[in-house]
Amino acid sequence: MALRLVFMGTPDFAVPTLVEVVGGGHEVVAVYTRAPQPAGRGLAPQPSPVAREAERFGLAVFTPKTLKDRDAAAAMRAHGADAAVVVAYGLILPKPILEAFPLGSFNLHASLLPRWRGAAPIHRAVMAGDAETGVMVMKMEEGLDTGPVAVAERVAIAADATTGDLHDELARRGADLMLRALAALEKGALQLTRQPATGVTYANKIDKNETRIDWTKPWNKVHDHCRGLSPFPGAWFELASAGRIKVLRTTKGTGEGKPGEVLDDSLNIACGAGAVRLLALQRAGRQPLSAQEFLRGTRLARGSVLG
């Protein structure tokens, strides 16, 4: 017998899970997502990716600003749902909301908990140079990503993989993982394991003040920084003739020089130790370009030093 569910999610990462849950035959009685946000040139309010997908399925969409007021829990209980599926929703679920579901609330998290609890687990795993990450379905409790884990899947992080690459892979695998967890929950066979008390790290939200490239760091740290922030918000350097330039893809480079020095026409850039090679860049308001395409319109003279 299919479960009666409330789905809670907002960004693109959550869409594959919503699709799988609906396709799996479960009854999604309500979709909670963030309210429309200004976007585009005209800054007109745009519905979230989850809202657009929910509307395509003809599902009821709710966009409360908070779930902490007195009426929120009553409204949630009124849906008569067995459980909640939560994927990157963006709002805190207080205890009365968590208690509104007889079978519990289940969150899909993009890390191997307890490593990288919090808002930006994919970014932080790549920026830290982790060799692997994963996705986990956990039963939610009041603490930040502290709940017991139901199912998990490990995923290797390739040496040059960006956050964008990993995001898409984890979203796909996570959707399947959630469907498997719901199947076990439906049968009363879902087993939960408490998270280890050791190895806890926090994936703080990315601050704009940490996005500028520091060429004085070793090449691997610069490389992990650039790929960890790609495609958004983007690691960047300053160019007098063109302003901020985002670096979207890098790899290990060759050569030595002053930190930030352009070593050759292949865009090998010296770091504090070693060098990185820039493979894809983007000027503000422009489309991403390969290094070769970028150099056709922007001069980066050998020997110049990037800011």
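Residues numbered from 1 in each chain as written. Predicted model: local features only at pLDDT ≥ 70, side-chain atom pairs only at ≥ 80, totals over all residues. Heavy atoms only, no water.

Enquirer: Could you clarify how one ought to interpret the sheet that holds strand β6 (residues 83-87) in this entry?
Expert: Sheets are built from strands paired through backbone hydrogen bonds, the pairs being either parallel or antiparallel. In space, the seven strands of this open sheet follow the order β5-β2-β1-β6-β7-β9-β10, with mixed pairing throughout. Looking at strand neighbours, the two that pair on one side only are β5 (61-62) and β10 (149-156), the edges of this open sheet. Relative to strand β2 (residues 27-32), strand β1 (residues 4-9) is paired through five bridges, and the arrangement is parallel. Among the inter-strand pairings, Leu5 is bridged to a residue of β2, identified as Val28. (Pairing = 2+ DSSP bridges. Helix = DSSP H or I, 4+ residues; strand = E, 2+ residues; numbered from the N terminus.)

Enquirer: Got a minute to help me understand the environment of Leu248 in this structure?
Expert: Looking at where Leu248 falls in the secondary structure, it is placed in strand β13 (residues 243-252). Looking at Leu248, the relative accessible area reads 8%, which means it is buried. Residues Leu248 and Ala301 lie 53 residues apart in sequence; the distance between their C-alpha atoms is 20 Å. Apart from residues lying up to four places away in sequence, Leu248 is in contact with Thr162, Ser230, Pro231, Ala280, Leu281, Gln282 and Pro288. (Buried < 20%, exposed > 50% of the residue type's maximum accessible area, 1.4 Å probe, protein only. Contact = heavy atoms within 4.5 Å.)

Enquirer: Got a minute to help me understand the packing of aromatic side chains in this structure?
Expert: Aromatic ring pairs are defined here through the distance separating the ring centres and the angle between the ring planes. The full count for this structure, using the stated rule, is two aromatic pairs. The interplanar angle of 20° and the centroid separation of 5.2 Å between the aromatic rings of Tyr32 and Phe62 together place this pair among those described as stacked. Here Phe62 lies in strand β5 and Tyr32 lies in strand β2, a separation of 30 residues in the sequence. Taking the relative accessible area as the measure of exposure, Phe62 reaches 31% and is therefore partly exposed. For the ring pair Trp215 and Phe237, a centre distance of 6.2 Å and an interplane angle of 55° mean the geometry is tilted. Residue Trp215 is found in the loop between β11 (202-203) and α7 (219-228), and its partner Phe237 is found in strand β12 (residues 235-239); the two are separated by 22 residues along the sequence. We note that Trp215, like Phe237, is buried. Positioned over the ring face of Phe57 is Arg56, at 4.7 Å from the centre of the ring. Geometry around Trp236 places Arg244 over its ring, the cationic atom sitting 3.7 Å from the centre. (Phe/Tyr/Trp six-rings, centres within 6.5 Å; stacked < 30°, edge-to-face > 60°. Lys NZ or Arg CZ within 6 Å of the ring centre and 35° of its normal.)

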